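Summary of the model geometry
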Amino acid sequence: MKTLKLALILALALSPLAISGPALADKAPIWTSFGSNVAIKGYDPVAYFTAGKPVQGTSQFKVNYQGAEFQFSSAANRDAFAANPARYAPQFGGYCAWAVSQGYTAGIDPNAWAIVGGKLYLNYNKDVQARWQQNTAGNIAVANRNWPTVLKK
């Protein structure tokens, strides 16, 4: 009886892992901070193009896109994104462009960014961005080949 109780307790304790394990194994197509559903740490993706710098967005102006919440600094930026999200959304789901070029994923610093060929690329931090910029075109080409299969690793 004692062994049966122990087995039942163990089964109950591990059952949440059986349910959530596969879900946790698949990475989201859009990078968000741990415990959050907000893309780019709440920065406005349109502002990179229009203001030429990172601008913090607000939950007052938001759009859900590919399962994540994108926030904007103005209704105009929100509306521009909603009309053409592919134009403004960061490449590689907002994951670090350098990491994707290396075959893995990593988070980002909204201040480590670049627009190349009309597309927004984000990096883990400014040091990583400096490495990525040593061969931007080559890194983008490799990252394009790696994406989205790198999400399955």
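The structure this text deals with has already been given above.
About the cut-offs
Residue positions are given per chain, counting from 1 as you read along its sequence in written order. Only residues with pLDDT of 70 or above have their local features reported here, since the model is predicted, and side-chain atom pairs are shown and tallied only from 80 upward, although totals for entire chains, interfaces and linings are computed over all residues. In computing side-chain properties, one takes all heavy atoms of the structure into account and sets aside hydrogens as well as water. Strands here are runs of E lasting at least two residues and helices are runs of H or I lasting at least four, both read from the DSSP assignment and numbered beginning at the N terminus. Accessible surface is estimated by sampling points in the Shrake-Rupley manner with a 1.4 Å probe; for residues, cover comes only from the protein chains shown. Categorising residues by exposure relies on relative accessible area from a 1.4 Å probe, with only protein chains included: less than 20% of the type maximum marks a residue as buried, more than 50% marks it as exposed, and the intermediate range marks it as partly exposed. Directions from the helix axis toward the C-beta atoms define the arc. Pairs of residues are marked as contacts when any of their non-hydrogen atoms sit within 4.5 Å. Contacts described as polar in this section are N or O atom pairs within 3.5 Å, which, within protein, must combine one atom able to donate a hydrogen with one able to accept it, while residues neighboring in sequence count only if both atoms come from side chains. Only four residue types enter the charge count, namely Lys and Arg as positive and Asp and Glu as negative; His and the chain termini do not. For this document, the term salt bridge refers to a Lys or Arg side-chain nitrogen within 4 Å of an Asp or Glu carboxyl oxygen. Strands are treated as partners if at least two bridges between them are detected by DSSP.

Some points on the overall build of the protein chain
Of regular secondary structure, the protein chain possesses seven helices and four strands. Start at the N end of the protein chain and walk to the C end: the helices and strands fall as α-α-β-β-α-α-α-β-β-α-α. Only carbon and sulfur atoms are counted for the fraction: they give 58% of the accessible area of the protein chain, which is about 8,600 Å².

Thoughts on helix H6 (residues 126-133)
Every buried residue of H6 is listed here: Val128, Gln129 and Trp132. One face of H6 carries all of its buried residues, which in axial projection span an arc of 100°. Exposed and facing more than 90 degrees away from the buried side of H6 are Lys126 and Asp127. Turning to H6, the residues buried within the fold contact helix H5 (97-102), strand S3 (109-116), strand S4 (119-123) and helix H7 (136-146). Looking at where H6 begins, the residue whose side-chain oxygen comes 3.0 Å from the main-chain nitrogen of Asp127 is Asn125.

What about the side chain of Asp44?
Secondary-structure assignment places Asp44 in the loop between helix H1 (2-25) and helix H2 (45-50). No salt bridge is formed by the buried Asp44. Its closest oppositely charged neighbour is Arg78, at 10.0 Å. Engagement of the side chain of Asp44 in a polar contact is seen with the backbone nitrogen of Val46, the distance being 2.8 Å. Ignoring any residue separated from it by four or fewer positions in sequence, one finds Asp44 in contact with Val55, Gly57, Gln71, Phe72, Ser73, Ser74 and Asn77.

Considering the pairing of S4
Of all five residues in S4, four are buried; the element is thus mostly enclosed. Judged from the five bridges that link them, S3 and S4 form a sheet pairing that is antiparallel. Bridged to Val116 within S4 is Lys119. Hairpin connection from S3 to S4: two residues lie between these consecutive antiparallel strands, with Gly117 at a positive phi of about 60°.

Describing the pairing of strand S2 (residues 68-72)
Most of S2 sits inside the fold, with five of its five residues counted as buried. Neither face of S2 is exposed, since Ala68, Phe70 and Phe72 on one face and Glu69 and Gln71 on the opposite face are all buried. Of the strand pairs in this sheet, strand S1 (residues 58-65) and S2 are connected by five bridges, and their pairing is antiparallel. Paired with Val63 across the bridge in S2 is Phe70. Connecting S1 to the next strand, S2, in antiparallel fashion are two residues, including Gln66 with a positive phi near 50°.

Remarks on the pattern of salt bridges
Within the structure shown, the criterion is met by two salt bridges. Notably, a salt bridge pairs Glu69 with Lys62, separated by 3.8 Å at the nearest N-O pair. Of the residues examined, Lys62 reaches a relative accessible area of 43% and is grouped as partly exposed. For the salt bridge of Asp79 with Arg78, the shortest nitrogen-to-oxygen distance reads 3.0 Å. Exposure remark for Asp79: the relative accessible area of 41% places this residue in the partly exposed category.

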